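So you can see what is in the structure, the chains are spelled out below.
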Amino acid sequence: VQLQASGGGKVQAGGSLRLSCAASGSNAMLILVGWYRQAPGKERELVATITAGGNTKYSDSVKGRFTISRNNADGTAYLQMNSLRPEDSGIYYCNHNRLIEDQIQPFWGQGTLVTVSS
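Owing to the predicted nature of the structure, the values given are computational and were not obtained by experimental measurement.

Conventions we followed
Residues numbered from 1 in each chain as written. Predicted model: local features only at pLDDT ≥ 70, side-chain atom pairs only at ≥ 80, totals over all residues. Heavy atoms only, no water. Salt bridge = Lys/Arg side-chain N within 4 Å of Asp/Glu carboxyl O. Helix = DSSP H or I, 4+ residues; strand = E, 2+ residues; numbered from the N terminus. Buried < 20%, exposed > 50% of the residue type's maximum accessible area, 1.4 Å probe, protein only. Core = buried A, V, L, I, M, F, W, Y, C linked by side-chain atoms within 4.5 Å. Contact = heavy atoms within 4.5 Å. Phe/Tyr/Trp six-rings, centres within 6.5 Å; stacked < 30°, edge-to-face > 60°. Lys NZ or Arg CZ within 6 Å of the ring centre and 35° of its normal. Disulfide = S-S within 2.5 Å.

Let us look at the pattern of salt bridges. Following the criterion strictly, the structure yields four salt bridges and no others. With its nearest N and O atoms 2.7 Å apart, the salt bridge here joins Asp88 to Arg65. Placement of Asp88 in the loop between strand 8 (77–81) and strand 9 (90–100) and of Arg65 in the loop between strand 6 (56–58) and strand 7 (66–70) is noted, with a sequence separation of 23 residues between them. The residues Asp88 and Arg65 share a single accessibility class, namely buried.

Structural data, given as C-alpha cells:
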C-alpha cells in the first residue's frame, strides 16, 4: 500500500487546512485509517481515526475542531482542520491498517508539514 499525504502548509492561528491521504497499490481490506502528528522533539501522537464503517475518534486536543472523513469511492482520507493553534504544528502522517493474510498490518505515508503561526 502506498499512501500519499498532502495539503499541509503554513497558516495563521484560527485558520484552516484540509489534509488528504490518497492510497494505491492494494485492494486489501481496510480496517482503520488514522491521522497522526509529530511535533519537533515530541513523540508521534494519534490525532483521529475512522473505521471502515465510518466510526470516528479524536484526541481530546482536536475534538470539535478537526474532522476525519473518507471517500468510499476511491479510499482517499481527509482531515479537515479548523481553528488551528500553534500547538497543532507538526508533521502529519496518515496510516492505514489493512487485513493481509489474516493479519492487520500498518502502512504509513510520508507525512505533510503543518505550521501554524501565532
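Before going further, it helps to examine the nonpolar core. Counting residues in each nonpolar core, the largest one holds 25 residues, and the members touching the most others are Trp35, Val47, Phe66, Leu79, Met81 and Tyr92. Listed by contribution, the elements that provide at least two residues to this core are strand 1 (2–6), strand 3 (17–24), strand 4 (29–38), strand 5 (45–51), strand 7, strand 8, strand 9 and strand 11 (112–117). Those residues in contact with Leu79, other than ones at most four positions away along the chain, are Leu17, Arg18, Leu19, Trp35, Val47, Ala48, Phe66, Thr67, Ile68 and Tyr92.

This part is about the packing of aromatic side chains. Scanning all chains against the criterion turns up one aromatic pair. With a centroid separation of 4.9 Å and an interplanar angle of 65°, the aromatic rings of Tyr36 and Trp108 are classed as edge-to-face. With Tyr36 in strand 4 and Trp108 in strand 10 (residues 103–108), this residue pair connects regions lying 72 residues apart in the sequence. A cation over a ring is seen here: Arg18 above Tyr78, with NZ or CZ 3.9 Å from the ring centre. One residue, Arg44, lies across the ring of Trp108, its end atom 4.7 Å from the ring centre.

Put plainly, a disulfide is one covalent bond tying together the sulfur atoms of two cysteines. Per the counting criterion, the structure on display carries one disulfide. Each sulfur of the disulfide joining Cys21 and Cys94 lies 2.2 Å from the other. Judged by the torsion about the S-S bond (60°), the Cys21/Cys94 disulfide is right-handed. In this pair, Cys21 is assigned in strand 3 and Cys94 in strand 9, connecting sequence segments 73 residues apart. Assigned by exposure class, Cys21 and Cys94 land together as buried.

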